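Residue-level structural notes
Now for the letters of each chain:
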Amino acid sequence: MKVTKWDPFREIDNIFSKYLTHVNQPSIGTQELLASGDWAPRADIAETDSEFTIKVEIPEIKREEIKITIDNGVLNISGERKHEKEEKNTKYHRIERHYGKFLRSFYLPDNVTEEQVDAQFEGGVLTLHLPKTEKSKPKQIEIAVK
């Protein structure tokens with residue numbers, strides 16, 4: 001069992017994260033900045049031995065309207081989903097989808113090669129591949145017993 005030092009601030013972060021999940025806002029965890037747009041698309045982050053992968057759901061947005069930048073170790077994904085034009089004979093009973101500007105920001109680990117980040121956008125999902133540096137990849141060393 002792993003022993004960890006108690007951190008009251010981490011518990012406060014967990015409480016806020018659980019609350020924000022219920023009100024459809026991004027978590028404030030240590031690896032993500034609070035979004036400052038009108039809405040925040042959902043994201044999945046995965047890690048392999050060679051890279052991190054971030055998948056962000058942003059349907060109904062054109063590729064050209066997505067802006068991705070890295071500034072001082074922070075990955076920023078921003079854009080805007082415009083509201084559909086209201087038709088005169090259409091009566092909306094419920095509008096649950098989010099519209100307006102969005103921003104998602106993530107702190108990048110030190111072991112990411114920022115210059116080689118690759119982005120693909122297909123089917124409303126933005127996929128970012130963040131390769132790890134060579135020295136950060138796990139190595140297995142066998143030691144002979146004498």
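As the structure is a computational prediction, the values presented were derived from the model and not from experiment.

Turning our attention to the environment of Glu122. Relative to the helices and strands, Glu122 is located in strand β7 (residues 118-122). Accessibility expressed as a relative area gives 69% for Glu122, which makes it exposed. With 64 residues separating them in the primary sequence, Glu122 and Ile58 have C-alpha atoms 9.9 Å apart.

To continue, consider the packing of aromatic side chains. Applying the stated criterion to the full structure yields one aromatic pair. The ring of Trp39 has Arg81 lying over it, and the distance from NZ or CZ to the ring centre is 4.4 Å. The residue whose ring lies beneath Arg81 is Tyr99, and the NZ or CZ to ring-centre distance is 5.7 Å.

What follows is about the pairing of β7. Relative to strand β8 (residues 125-131), β7 runs antiparallel, the two sharing five bridges. From the neighbouring strand, Gln120 faces β8, where its bridge partner is Thr127. Counted between consecutive antiparallel strands, the loop separating β7 from β8 contains two residues, among which Gly123 sits at a positive phi close to 60°.

So, about the side chain of Thr113. You can see Thr113 is positioned in the loop between β6 (100-107) and β7. With residues up to four places along the chain from it excluded, the contact list for Thr113 reads Pro131, Lys132 and Thr133.

By size, the foremost hydrophobic cluster in this structure holds 17 residues, and its most contacted members are Ile58, Ile77 and Leu126. Elements with a minimum of two residues in this core: β3 (51-57), β5 (74-81), β6 and β8. Apart from the residues within four sequence positions on either side, Ile58 is in contact with Trp39, Pro41, Ile66, Phe102, Phe121, Gly124 and Leu126.

Our next topic: the pattern of salt bridges. Per the stated rule, a full pass over the model turns up two salt bridges. In this structure, Glu47 engages Lys132 in a salt bridge whose closest nitrogen and oxygen atoms are separated by 2.5 Å. Residue Glu47 is found in strand β2 (residues 43-47), and its partner Lys132 is found in the segment after β8; the two are separated by 85 residues along the sequence. Glu47 sits in the exposed class, given a relative accessible area of 52%. For Arg97, the salt bridge identified is with Glu60, shortest N-O distance 2.5 Å. Separated by 37 residues along the polypeptide, Arg97 in the loop between β5 and β6 and Glu60 in the loop between β3 and β4 (67-71) bring together distant segments of the chain. We classify Arg97 as partly exposed; its relative accessible area is 39%.

Moving on, we get to the confidence of the model for the protein chain. For the protein chain, mean pLDDT is 81; residues scoring 70 or higher make up 79% of the total. The least confident element of the protein chain is strand β1 (residues 32-33), whose mean pLDDT is 52; the most confident is β8, at 96. A low-confidence stretch, residues 25-30 stays under pLDDT 50, and its non-local contacts, those more than four residues away or across chains, total 17 contacts.

Turning to the sheet that holds β2, a few remarks are in order. Spatially, four strands are ordered β2-β3-β8-β7 in an open sheet, and the strand pairing comes out antiparallel. Both edges of this open sheet fall to β2 and β7, since each of them pairs with a single strand only. The mean angle between the axes of side-by-side strands here comes to 15°, regardless of whether they run parallel or antiparallel.

What counts, and where the lines are drawn
Residues numbered from 1 in each chain as written. Predicted model: local features only at pLDDT ≥ 70, side-chain atom pairs only at ≥ 80, totals over all residues. Heavy atoms only, no water. Helix = DSSP H or I, 4+ residues; strand = E, 2+ residues; numbered from the N terminus. Buried < 20%, exposed > 50% of the residue type's maximum accessible area, 1.4 Å probe, protein only. Phe/Tyr/Trp six-rings, centres within 6.5 Å; stacked < 30°, edge-to-face > 60°. Lys NZ or Arg CZ within 6 Å of the ring centre and 35° of its normal. Pairing = 2+ DSSP bridges. Contact = heavy atoms within 4.5 Å. Core = buried A, V, L, I, M, F, W, Y, C linked by side-chain atoms within 4.5 Å. Salt bridge = Lys/Arg side-chain N within 4 Å of Asp/Glu carboxyl O. pLDDT = per-residue confidence, 0-100. Axes fitted to C-alpha atoms, helices over the stretch in contact; angles between N-to-C directions.

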